[in-house]
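Read off the chains here:
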Amino acid sequence: DWTMAEYRETKIREIRDQVGDGKVICGLSGGVDSSVAAILIHEAIGEQLTCVFVDHGLLRLNEREQVETMFRDHYNIPLVVVDAEERFMAGLAGETDPEKKRKFIGKTFIDVFEEEAKKIGGADFLAQGTLYPDVIESVSFTGGPSVTIKSHHNVGGLPERMNMQLVEPLRELFKDEVRELGRELGLPDIFVGRHPFPGPGLAIRIPGEVTKERCDILRKADAIYLEEIRNAGLYDAIWQAFAVLLPVKTVGVMGDGRTYDSVCGLRAVTSTDGMTADVYPFDAGFLTQVATRIVNEVQGINRVVYDYTSKPPGTIEWE
Ligand code: XMP
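Residues numbered from 1 in each chain as written. Predicted model: local features only at pLDDT ≥ 70, side-chain atom pairs only at ≥ 80, totals over all residues.

(A) Representation of the overall build of the protein in the model. If you tally the helices and strands in the protein, you get 11 helices and nine strands. Its C-alpha atoms give the protein a radius of gyration of 20 Å, near enough to 20 Å, the size a compact globule of 319 residues would have. Judged by the C-alpha coordinates and their principal axes, the protein covers about 70 × 45 × 45 Å. The burial tally for the protein puts 35% of its 319 residues in the buried class. (Helix = DSSP H or I, 4+ residues; strand = E, 2+ residues; numbered from the N terminus. Rg over C-alpha atoms; globule rule 2.2 N^0.38 Å. Buried ≥ 20, exposed ≤ 12 C-beta atoms within 10 Å, placed from the backbone.)

Okay, here's the thing in structure tokens:
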């Protein structure tokens, strides 16, 4: 039995012991996990930590600005923001295979990191917001054979190539505990309560080829969906909600014209750790309202569907 205040103190000691006077580089994804890890490590070793936020162009609406504000203004933690959108889009061009998309994004993250690490004269440690379920799920699927379902890129692969030791202060924690630790560290509720967001970002919510144009369309639909969820007071009851942009065009009618545009899928699930999940049972009126707004407000989408698949057999993300 331990409290979060004790956990914080213990981890701070451990981080200091592990790192000594070495330099640590930490990749921020905009999510809760990497943010909590970074803030904890900063508390332990201050200036020895450099935080790097890679803007791969696969972020949600205004996400980059939110992270910048949080770190620079709220915590006064120096932050290196790397604008890598063009590089990621160029590499994703023409790629439709889900694992190849993930692998490319993971590899390019490492490349960008290596470049940033070099710029600060090298780092001895790499900090990651790896949680306990990440550790299990990248090894084998719950209760099943040892098969990689998806290559989560924040576990494994990095240290061998980068010749850095890992600092992973959240490795024993589940998501709800990370949120508690975040509150303990003074993160605002609105940030602590954010739904998880995957490292490969919108790329795995755009089945088929990812382009900047499709990312822009998806960002708008996703923002409307989340705004409606927040307005309905449902945000905190949901583990994760997001829009998906399908590589399927269907026919519709608007005014007196024919439309031929993409389909948008909506996903919302409840879960405690992301390893299993149930579909969130919105009422029909809510979904109709979201669908109407998206079709009316987002050019490029003329049809909206709701995903009724639990995990298993579905996964939470579509790729
Ligand atoms: P799936 O789709 O496997 O997702 O049911 C389970 C949870 O993991 C998140 N997820 C990722 N997180 N890097 C991450 O940091 C990844 O590559 C990745 N893929 C999935 C997903 O959003 C859900 O919360």
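(B) Local environment of the nonpolar core. One finds Val 24, Cys 26, Ile 41 and Ala 221 to be the most contacted residues of the largest nonpolar core, which totals 72 residues. Among the elements that line this core, the one with the most residues is helix H2 (residues 32-45), at nine residues. Domain assignment of the residues forming this core places at least three in each of domain 1 (4-192) and domain 2 (211-306). Apart from residues lying up to four places away in sequence, Cys 26 is in contact with Ser 34, Ala 37, Ala 38, Ile 41, Leu 49, Cys 51, Val 52 and Ala 127. (Core = buried A, V, L, I, M, F, W, Y, C linked by C-beta atoms within 7 Å. Domains from an automatic or database assignment. Contact = placed C-beta atoms within 7 Å.)

(C) Spatial organisation of the packing of helix H4 (residues 85-92) against helix H5 (residues 98-119). One can describe the packing of H4 onto H5 by two numbers: an axis separation of 10 Å at closest approach and a directional angle of 150 degrees. By the criterion of interaxial angle, the relationship of H4 to H5 is roughly antiparallel. Note on packing geometry: the crossing formed by H4 with H5 is right-handed. Contacts between H4 and H5 pair Arg 87, Phe 88, Gly 91 and Leu 92 from the former with Lys 101, Phe 104, Ile 105 and Thr 108 from the latter. Each residue belonging to the contact of H4 with H5 can be placed in one class, and the counts come to four nonpolar, two polar and two charged. (Axes fitted to C-alpha atoms, helices over the stretch in contact; angles between N-to-C directions. Parallel < 35°, antiparallel > 145°, perpendicular 65-115°, else oblique. Left-handed = near helix turned anticlockwise from the far one by under 90°. Nonpolar A, V, L, I, M, F, W, Y, C, P; charged D, E, K, R; others polar.)

(D) Fine view of H2. Under the 1.5 Å per step criterion, the end-to-end length of H2 is 20 Å for 14 residues, consistent within 8% with the ideal 20 Å. For H2, the tally of buried residues reaches 13 of 14 residues, placing the bulk of the element in the interior. Phi turns positive one or two residues past the end of H2, at Gly 46, with a value near 55 degrees. (Expected span 1.5 Å × (residues − 1).)

(E) Examining the sheet that holds strand S1 (residues 24-28) more closely. Taken in spatial order, the five strands of this open sheet run S3-S2-S1-S4-S5, and their pairing is parallel. For this open sheet the edge positions go to strand S3 (79-83) and strand S5 (165-167), each flanked by a neighbour on one side alone. The mean inter-strand angle of the sheet, taken between neighbouring strand axes irrespective of direction, is 30 degrees. Across three bridges, strand S4 (residues 125-127) lies against S5 in parallel orientation. What sits directly across from Leu 126, in S5, is Leu 166. Most of the contacts of H2 go to S1, to which it runs at about 155 degrees, and overall it touches S1, strand S2 (49-55), S4 and S5. The sheet contacts of H5 involve S1, S2 and S3, and relative to S2 the element is tilted by about 140 degrees. (Pairing = 2+ DSSP bridges.)

(F) Structural view of the pairing of S1. Burial analysis of S1 places five of its five residues in the buried class, the great majority of the element. Summarising the sheet, S1 and S2 pair through five bridges and their orientation is parallel. Counted as the bridge partner of Ile 25 is Thr 50 from S2. Between the parallel elements S1 and S2, the chain passes through H2 in a crossover that is right-handed. Summarising the sheet, S1 and S4 pair through three bridges and their orientation is parallel. For Cys 26, the partnering residue across the bridge sits in S4 and is Ala 127. (Right-handed = clockwise from strand over helix to strand, strands pointing away.)

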